[in-house]
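# Analysis of the macromolecular model
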Amino acid sequence: MAKVTFKPGDKVNTPRSHGTIIDICATPSGQFVFGVEDASGEVTYFTPKALEHAED
């Protein structure tokens, strides 16, 4: 299985909606979480397992 990578500006689908990655943070445990801004401007953080690349 190939490792999927995400970077700021990527369009993604989340369990709640779809949006654009605007932030990447490391947690104290060393895991990365990605801030996704949706159409209403709300930013929610997700782990990579919860994200998938959106079709352009």
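The following refers to the structure shown.

What follows covers the sheet that holds strand β4 (residues 43-46). Think of a sheet as strands paired side by side through backbone hydrogen bonds, with each pair either parallel or antiparallel. Reading across the sheet, the 5 strands line up as β4-β3-β2-β1-β5 and stay open at both edges, with antiparallel pairing between neighbours. This sheet does not close on itself; its edge strands, each paired only once, are β4 and β5 (52-53).

A few words now on the nonpolar core. Counting residues in hydrophobic clusters, the biggest one holds 7 residues: Phe6, Val12, Ile21, Phe34, Val36, Phe46 and Leu51. Residues contacting Ile21, with those up to four places away along its chain left out, are Phe6, Lys7, Pro8, Gly9, Asp10, Val12, Phe34, Gly35, Val36 and Leu51.

Here 3 bridges tie strand β1 (residues 11-13) to strand β2 (residues 18-26), and the two strands are oriented antiparallel to one another. Across the sheet, the residue bridging to Val12 is Gly19, located in β2. Hairpin connection from β1 to β2: 4 residues lie between these consecutive antiparallel strands. The turn joining β2 and strand β3 (residues 32-38), which pair antiparallel and follow one another in sequence, is formed by 5 residues; a positive phi near 95 degrees is taken by Gly30.

Burial of β4 is one-sided: the residues Thr44 and Phe46 facing one way are buried, the residues Val43 and Tyr45 facing the other way are not. Here 4 bridges tie β3 to β4, and the two strands are oriented antiparallel to one another. The partner of Gly35 across the bridge, within β4, is Tyr45. Between the end of β3 and the start of β4, which pair antiparallel, lie 4 residues, with Gly41 showing a positive phi angle near 95 degrees.

Here we come to the pattern of salt bridges. A full pass over the atoms with the stated rule returns 2 salt bridges. With its nearest N and O atoms 3.1 Å apart, the salt bridge here joins Asp10 to Lys7. Judged by relative accessible area, Lys7 falls into the exposed class, the value being 52%.

Basis of the calculations
Residues numbered from 1 in each chain as written. Predicted model: local features only at pLDDT ≥ 70, side-chain atom pairs only at ≥ 80, totals over all residues. Heavy atoms only, no water. Pairing = 2+ DSSP bridges. Helix = DSSP H or I, 4+ residues; strand = E, 2+ residues; numbered from the N terminus. Core = buried A, V, L, I, M, F, W, Y, C linked by side-chain atoms within 4.5 Å. Buried < 20%, exposed > 50% of the residue type's maximum accessible area, 1.4 Å probe, protein only. Contact = heavy atoms within 4.5 Å. Salt bridge = Lys/Arg side-chain N within 4 Å of Asp/Glu carboxyl O.

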